[in-house]
Amino acid sequence: EVRYFLQAQERAWPNYVGDQVLAPGVPSVVLDQRGVYYLYFAAFDPSDAPKLNSGNFDPAHRRPYFMQLKVNVPANAAVAATSDADLATWITAN
């Protein structure tokens, strides 16, 4: 099961970001040369997200975003043997 860092559909769900960005795209996690992890993704700014006649956001207005991550995966830990609550602490926004 994937735990989403970003979701803009349901306000009551964890990690709701719909007030900051709309339609966050497929993310990439990158480890830079200093050993710092980042989450990169594309999304729309809520104040500038025009829609096409089809009802979809205009892709010309999609912008790049990033956020630093804190990665703390315990040594010798197994995902299958770890509770959802504990898994949620392995990778968090920094």
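None of these values were measured; they are calculated from a predicted model.

K.L.:
Sorry if this is basic, but what is going on with the overall build of the chain here?
P.N.:
Broken down by element type, the chain carries one helix and four strands. Listing each helix as α and each strand as β along the chain from the N terminus yields β-β-β-α-β. For the chain, whose C-alpha radius of gyration is 16 Å, the value lies well above the compact-globule estimate of 12 Å for 94 residues. C-alpha atoms of the chain, sized along the principal axes, occupy 50 × 35 × 20 Å. Within the chain, the proportion of its 94 residues that are buried is 19%. Pairs at least 24 apart in sequence give 31% of the contacts found in the chain among residues at least 6 apart. Summed over all atoms, the accessible surface of the chain reaches about 6900 Å², with 52% contributed by carbon and sulfur.

K.L.:
So what exactly am I meant to see when it comes to the pattern of salt bridges here?
P.N.:
Any two side chains of opposite charge can pair, on the condition that their charged atoms come close. Inspection of every chain in the model, using the stated rule, returns four salt bridges. For aspartate 19, the salt bridge is made with arginine 11, and the minimal N-O distance between the two is 3.2 Å. We note a salt bridge from arginine 63 to aspartate 45, for which the minimum N-O separation is 3.3 Å. Linking arginine 63 in strand β3 (residues 63-71) with aspartate 45 in the loop between β2 (37-43) and β3, this pair joins segments that are 18 residues apart in sequence.

K.L.:
Teacher, can you tell me more about the confidence of the model for the chain here?
P.N.:
Where the model shows low pLDDT, its predicted coordinates should not be examined in detail. In the predicted model, the chain carries a mean pLDDT of 88, and the fraction of residues at 70 or more is 97%. Taken element by element, the chain is modelled with least confidence in helix α1 (residues 84-87), mean pLDDT 84, and with most confidence in β2, mean pLDDT 93.

K.L.:
Which parts of the structure should I look at to understand a nonpolar patch on the surface?
P.N.:
On the surface, Val30, Tyr40 and Phe66 cluster together into a nonpolar patch covering about 280 Å² of accessible area. Here phenylalanine 66 shows up in strand β3. Exposure remark for phenylalanine 66: the relative accessible area of 54% places this residue in the exposed category.

K.L.:
Would you explain the nonpolar core in this entry?
P.N.:
Side chains of nonpolar character tend, in soluble globular proteins, to be buried together. Residues Leu6, Val17, Val21, Leu39, Phe41, Ala43 and Leu69 constitute the largest nonpolar core, which totals seven residues. Once you skip the residues sitting within four places of it in the chain, phenylalanine 41 turns out to touch Leu6, Val21, Pro24, Gly25, Val26, Pro27, Arg63, Pro64, Tyr65 and Phe66.

K.L.:
Sorry, what's going on with the environment of tyrosine 65 here?
P.N.:
In this structure, tyrosine 65 sits in strand β3. Residue classification places tyrosine 65 among the partly exposed positions, given a relative accessible area of 23%. With 55 residues separating them in the primary sequence, tyrosine 65 and glutamate 10 have C-alpha atoms 20 Å apart. In this structure, tyrosine 65 is in contact with Val21, Leu39, Tyr40, Phe41, Ala43, Phe44 and Asp45, ignoring residues within four places of it in sequence.

Reading the values: rules and limits
Residues numbered from 1 in each chain as written. Predicted model: local features only at pLDDT ≥ 70, side-chain atom pairs only at ≥ 80, totals over all residues. Heavy atoms only, no water. Helix = DSSP H or I, 4+ residues; strand = E, 2+ residues; numbered from the N terminus. Rg over C-alpha atoms; globule rule 2.2 N^0.38 Å. Buried < 20%, exposed > 50% of the residue type's maximum accessible area, 1.4 Å probe, protein only. Contact = heavy atoms within 4.5 Å. Areas by Shrake-Rupley, 256 points an atom, 1.4 Å probe, with all protein chains shown as cover. Salt bridge = Lys/Arg side-chain N within 4 Å of Asp/Glu carboxyl O. pLDDT = per-residue confidence, 0-100. Patch = residues over 30% accessible without salt bridge, like charges linked within 9 Å, V, L, I, M, F, W, Y side chains within 5 Å. Core = buried A, V, L, I, M, F, W, Y, C linked by side-chain atoms within 4.5 Å.

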